[in-house]
Structure formats: C-alpha cells, structure tokens
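# Close look at the chain arrangement
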Amino acid sequence: MNIKDYFFCYSTNLMKFLRYEKGINFICVGTHKGTGKDFWLFERAEVIEALNEYRERGKELGLTDKE
C-alpha cells in the first residue's frame, strides 16, 4: 500500500458520518505536524462510496456548490 490508498480526514463532521452513520472504522488518529489540526486516517477503498454520499447530501442541503 502507498499513501494514495489512504484518506486523511480533517473534518470532525465527516469523520462522524463515516464512523457512526456508515460504521467505517478509522485506522488511527493523529495531528498534522504543520497545522496542528487533528486528522483521522481511513483506508480509501472503504470510504469511496460514503464520500460520494456525503457530497450529495451536502449539495442537497445547499452546503456546497461543487458538482
């Protein structure tokens, strides 16, 4: 595995969605050395579908304009 196989999540809301709504476990928790922000590390293959769903919900709620 290489770095592209992992998803670094810096959003508490997204982490809660992945962990509690989707039941996806993170690998570890860490702090970014440069910014001091906490992150949760997930296997990318496990979160792809959930990330798409999260984006779609955001669009439906008007929280993002990205398509």
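For the structure, check the block above.
Note that the coordinates shown come from a computational prediction; the quantities given were computed from them, not determined experimentally. (Residues numbered from 1 in each chain as written. Predicted model: local features only at pLDDT ≥ 70, side-chain atom pairs only at ≥ 80, totals over all residues. Heavy atoms only, no water.)

### As for the nonpolar core
Phe7, Cys9, Leu14, Met15, Phe17, Leu18, Ile24, Trp40, Phe42, Val47, Ala50 and Leu51 form the largest nonpolar core, which has twelve residues in total. Listed by contribution, the elements that provide at least two residues to this core are strand S1 (6-9), helix H1 (12-21), strand S3 (38-43) and helix H2 (44-60). Top element by residues in this core is H1. It accounts for four residues. (Core = buried A, V, L, I, M, F, W, Y, C linked by side-chain atoms within 4.5 Å. Buried < 20%, exposed > 50% of the residue type's maximum accessible area, 1.4 Å probe, protein only. Helix = DSSP H or I, 4+ residues; strand = E, 2+ residues; numbered from the N terminus.)

### Looking at the pairing of S1
Taken residue by residue, a regular strand's side chains alternate between the two faces of the sheet. Burial along S1 is one-sided: the residues Phe7 and Cys9 are buried and none of Tyr6 and Phe8 is. Pairing geometry for S1 and S3, over four bridges, is antiparallel. The residue bridging Phe7 from the neighbouring strand is Phe42, located in S3. (Pairing = 2+ DSSP bridges.)

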